[in-house]
Each structure stands twice: as C-alpha cells, then as structure tokens.
Amino acid sequence: MIARRAADTADDTPADDCALDLLCDLDESLWIYDDARRANPNAFRNAIRQSDHADELRRVLYRLHRVLVEWEAEIVAA
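Every value quoted in this text rests on a predicted model; they were computed, and no experiment measured them.

Novice: Describe the overall build of the chain, listing the residues and the values that go with them.
Specialist: Within the chain, the secondary structure is distributed over 3 helices and 0 strands. Computed over C-alpha atoms, the radius of gyration of the chain comes to 17 Å, more than 25% over the 12 Å expected from 2.2 N^0.38 for 78 residues, which places it beyond the range of a compact globule. Its C-alpha atoms give the chain principal-axis dimensions of about 50 × 30 × 15 Å. Burial status across the chain gives 1% buried among its 78 residues. Total accessible area on the chain is roughly 7200 Å²; 59% of this is exposed by carbon and sulfur atoms. In the chain, which carries 10 positive and 17 negative side-chain charges, the distance between the mean positions of the two groups comes to 10 Å.

Okay, here's the thing in structure tokens:
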C-alpha cells in the first residue's frame, strides 16, 4: 500500500500538494466538528442561531461545490 502510494504521488506538482492540503484541512475540520459535537452542550440543537449557521454552511458548501465543478471541468479539458 505504501509503495503504491509513493508511486502514485512520485510525480506530484505543487498544485497536487495544494489540492491535498485543501482536502486534508477540510477533512480535519469535519473530524474536529464531529468530536466537539459529541459533548451535549455543543450539539447543534442547542444553538440559538441555527438558521444563521445553516445559511453559513450553505454558503461554504456552495463555494466547495464551485471548486468541485471547476476541478471536474479541468479534468474534462485535459
């Protein structure tokens, strides 16, 4: 598995590193959120401004969706 991963990433460019950094940071953020919300006071149901938070998450997801669409368009164009 490690040898395959090394072979898969041997020709990576700085752009690959940038993409991986973004994906790793997003993944880490979700794990942190999962850990934090396990404490009952941190559960979303206890938030006063649920609608505001949902709107902000929708905005972030829209930005992420635009990134995905751009990446997919670049794959097709390549």
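Once the structure has been displayed, the description carries forward.
Novice: Tell me about a negative patch on the surface, and please be specific about residues and values.
Specialist: Together, Asp16, Asp17, Asp21, Asp25, Asp27 and Glu28 line one region of the surface with negative charge. Residue position: Glu28 is located in helix H2 (residues 14–37).

Novice: Tell me about the confidence of the model for the chain, and name the residues and values.
Specialist: Low pLDDT means the predicted coordinates in that region are not meant to be read closely. The predicted model of the chain has a mean per-residue pLDDT of 92, with 92% of residues at 70 or higher. Of all secondary-structure elements in the chain, the lowest mean pLDDT belongs to helix H1 (residues 2–9), at 69, while helix H3 (residues 50–77) reaches the highest, 97.

Novice: Describe a nonpolar patch on the surface, and please don't skip the residues or the numbers.
Specialist: Together, Leu20, Leu22, Leu23, Leu26 and Trp71 make up a nonpolar patch on the protein surface, roughly 370 Å² of accessible area in all. If one sorts the elements of the nonpolar patch by residue count, H2 sits on top with 4 residues. Tracing the backbone shows Leu26 in helix H2.

Novice: If you had to explain the environment of Asp35 to someone new, which residues and values would you point to?
Specialist: Here Asp35 lies in helix H2. Classification of Asp35 by relative accessible area gives partly exposed; the value is 48%.

Novice: Account for the pattern of salt bridges, with residues named and values stated.
Specialist: One pass over the structure, following the stated rule, counts 5 salt bridges. The salt bridge partner of Asp35 is Arg38, with a shortest N-O separation of 2.6 Å. Overall, Arg38 belongs to the exposed group, its relative accessible area being 61%. One salt bridge in this structure joins Arg49 and Asp52, with 3.3 Å as the shortest N-O distance. Of the residues examined, Arg49 reaches a relative accessible area of 48% and is grouped as partly exposed.

The rules behind each value
Residues numbered from 1 in each chain as written. Predicted model: local features only at pLDDT ≥ 70, side-chain atom pairs only at ≥ 80, totals over all residues. Heavy atoms only, no water. Helix = DSSP H or I, 4+ residues; strand = E, 2+ residues; numbered from the N terminus. Rg over C-alpha atoms; globule rule 2.2 N^0.38 Å. Buried < 20%, exposed > 50% of the residue type's maximum accessible area, 1.4 Å probe, protein only. Areas by Shrake-Rupley, 256 points an atom, 1.4 Å probe, with all protein chains shown as cover. Lys, Arg positive; Asp, Glu negative; His and termini not counted. Charge placed at Lys NZ, Arg CZ, Asp CG, Glu CD. Patch = residues over 30% accessible without salt bridge, like charges linked within 9 Å, V, L, I, M, F, W, Y side chains within 5 Å. Salt bridge = Lys/Arg side-chain N within 4 Å of Asp/Glu carboxyl O. pLDDT = per-residue confidence, 0-100.

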